[in-house]
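Okay, here's what each chain looks like letter by letter:
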Amino acid sequence: MRKRLSVLLSILVAAVLTLAACSGGGSKKDEGGKGGVKSEKSENVLNLSSTSDIPTMDSSLATDQVSFINFNQTLEGLYVLDKDDKAVPGVAKGEPEKSEDGKTWTIKLRDDAKWSNGDPVTAHDFVYAWQRTVDPKTAAEYAYMFENIENAKEISAGKKKPEELGAKAIDDQTLEVKLVKDVPWMQSLFAFGSFMPQNEKFVEKQGKKFGTTAEATLSNGPFQLKEWKTEDNWKLVPNKEYWDKDKVKLDEVNYKVVKESQTALNMYQTGKLDSVVLDPQNVNKYKDKEDFVTELNTSNYFFRINSTKNKDLKNEDLRKAFAKSIDKDEYVKSLLNNGSTVSDKLMVKDFVKDKDGKDYIDGVKSPLNYDKKEAKKLLEKVKKDTGKDKFDIELLTYDADESKKAAEFVKEQVEKNLPGVTLKIKQQPFKQKLALESKGDYDISFAGWGPDYPDSTTFLDLFKKDSPHNQTGYSNPEYDKALEEANSDEMLKEENSAKRTKLLQDAESKFLDSASIGPLYQQGIARLRQPYVKNWEPHKFGGDYSLKQVEIAGAK
């Protein structure tokens, strides 16, 4: 996520996902009728929608928010995030026992944790999963998330064997983890989807099919994947083997892939969905309804600008001209109208603050604000320097209805404010778009990122030279050095927090000056949700939410 990614986590809409689920709302007597609020529902079943199918249920391969959201429901790591986003024991019995230097953690596992097939969840399941993820044969994009575990980086580079990873099963209920640094967010990272356990016997039996169908998926969390019809729907049901199953209230959760926002709204109005994300033209119509809520989350959306495929985009001035040619305020107001805010930076606001409460992004400088006059000047300079008057650029985006409208808006803005630049829109399904980005097979791509852990490096690490998510061609040794220094033992000391923050702010400012991305907006979401959906638990990082204790109030 990422939200989510991270894990992405995301993502993404996590990179750009729009889920029909939300927090907030109120209770009201049953109004019935079109767009009305219902206070009761006869069954304990939650119906949601998604603009995308699940790309994978293999926690080693996932990079998107849709997958990580489902991991939150079907898998459980050593720790899980509570309603305040604090990492609390999951499969772990309690807090880790740490060595004096904080770099060796001994974690005791509960003895009643089981897989949905009845097998016990053991320390070996974590060791196997983590070794599999960092093994270069797996080609996991999120292998870099493990680099704070001893030897992980060397294993991913092919310099050491997977069994040399600093994770060891002392016995079935005892896991020893050796860390490179005692980072303050490590326990939160153990709650992230990439760090979930895997049942070796099951995974090896499934082979390449693992995580691609409901039958080829195993759960150790509150729910299990019961049905999964590609590009259509999937269903979650309670995991009867889950150690804390008494807290799981829902009988089932149904997800429907709905790419058109109006279709989703119609389904909500007719009782087929319990929550729905509103498109801009419907916000004003429903904003006074009691089931309406809007919120600003921690996902940022931007354009990845690839300087490796299209030779014209190697020119920094052309990249800056593109980034500055789009009226972001108009984009947010006319296309989104959902609480989103304009962004000129990579990091999001209201996520990382210093001990005095000052927001991290206040110290970041960006030249990538909307300024059509300056954009045109930059383009004229490009024309003079290159001797070219015409520039053809492909814009990669998602195949959802909102994505098409957004791409058409961007095309109109760019071609109006940058005479001679032509944008060709290329829409792709979520999974295929991610694949094209991973291969660097695009010019400019509409993308997003949600944090995977509570630190600004969850965004900044994306654009290190060796990051698998750095799909823009950006490479700056000074930037990489600054990030490495920021995570040194010395900088991670509490007394150096202000110095570390300044180091990261300067690094982000340097990155933004390269115009390797064109920041657009921090995501807000306007939704309708029936008030009978209770105990919704949203998260600022990792998977967007947890359904473990959600219930339908009044269900019979």
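Sequence order as written defines residue numbering, which begins from 1 separately in each chain. Confidence filtering applies because this is a predicted model: local features only for residues at pLDDT of at least 70, side-chain atom pairs given and counted only at 80 or more, and all residues used for totals across whole chains, interfaces and linings. Heavy atoms throughout the structure, all of them, feed into the side-chain values; hydrogens and water do not.

## Concerning the overall build of the protein chain
Put simply, the rule is: Strands here are runs of E lasting at least two residues and helices are runs of H or I lasting at least four, both read from the DSSP assignment and numbered beginning at the N terminus. Two things to know: the radius of gyration comes from C-alpha atoms, and the globule rule equals 2.2 Å times the number of residues to the power 0.38. For each residue, the accessible area found with a 1.4 Å probe, counting protein chains only, is set against the maximum for its type, and the residue is called buried under 20%, exposed over 50%, and partly exposed in between. The protein chains shown are the only cover counted for residues, whose accessible areas, like all others here, come from Shrake-Rupley with a 1.4 Å probe.
For the protein chain, the count of helices and strands is 15 helices and 21 strands. The C-alpha atoms of the protein chain give a radius of gyration of 23 Å, which matches the 24 Å a tight globule of 556 residues would have. Once the C-alpha set of the protein chain is aligned to its principal axes, its extents read approximately 70 × 65 × 50 Å. Looking at the 556 residues of the protein chain, the share that counts as buried comes to 60%. As displayed, the protein chain offers around 22800 Å² of accessible surface, 45% of which is attributable to carbon and sulfur atoms.

## Quick word on the sheet that holds strand 10 (residues 252-257)
The strands that make up a sheet are held in pairs by hydrogen bonds between backbone atoms, and each pair lies either parallel or antiparallel. Selection criterion: Any two strands between which DSSP finds at least two bridges are classified as paired. Angles run from 0 to 180 degrees between N-to-C directions of axes, and those axes are lines fitted to C-alpha atoms, restricted for helices to the stretch in contact. Only heavy atoms enter the contact rule, under which two residues are in contact if any of them lie within 4.5 Å.
Pairing in this open sheet of 4 strands is mixed, and the strands run 1-10-9-8 from one edge to the other. Unpaired on one side and paired on the other, strand 1 (45-50) and strand 8 (223-229) mark the two borders of the sheet. For this sheet the average axis-to-axis angle between neighbouring strands, irrespective of direction, equals 20°. Sheet topology note: the strand 9 (residues 233-238)/strand 10 ladder contains 4 bridges and is antiparallel. Bridge pairing in strand 10 places Trp234 opposite Tyr255. Here helix 1 (residues 65-74) sits on the sheet in contact with strand 1, strand 8, strand 9 and strand 10, set at roughly 20° to strand 9.

## Observations regarding the layout of surface pockets
In plain terms, the rule: Cavities and pockets are found on a 1 Å grid laid over the protein atoms alone: a cavity is a set of points where a 1.4 Å probe fits but cannot escape, a pocket is an open set with protein on both sides within 12 Å along at least five of seven lines, and a lining residue has an atom within 4 Å of such a point. Grid points are joined across faces, edges and corners, and a volume is the space filled by probe spheres set on the points. All amino acids are sorted into three groups, where Ala, Val, Leu, Ile, Met, Phe, Trp, Tyr, Cys and Pro are nonpolar, Asp, Glu, Lys and Arg are charged, and the leftover types, Gly among them, are polar.
Of the voids in this model, the largest pocket is the one considered here, and its volume is about 850 Å³. Residue lining of the largest pocket: 28 residues in total, with Val352, Lys353, Asp354, Ser497 and Thr501 positioned closest to the centre. Sorting the residues of the lining of the largest pocket by element identifies helix 4 (186-189) and helix 15 (497-513) as the ones contributing at least two each. Sorting elements by how many residues they give to the lining of the largest pocket places helix 15 first, with 7 residues. Residues belonging to the lining of the largest pocket are distributed by class as follows: 10 nonpolar, 7 polar and 11 charged.

## Comments concerning the pattern of salt bridges
Heads up, the condition is: By convention in these notes, a salt bridge is any Lys or Arg side-chain nitrogen within 4 Å of a carboxyl oxygen on Asp or Glu.
What the rule picks out here adds up to 31 salt bridges. Linking Lys353 and Asp350 is a salt bridge whose minimum nitrogen-to-oxygen distance equals 3.7 Å. According to the relative accessible area criterion, Lys353 is partly exposed, its value standing at 47%. In this structure, a network of salt bridges that share partners links the residues Glu227, Lys235 and Glu252.

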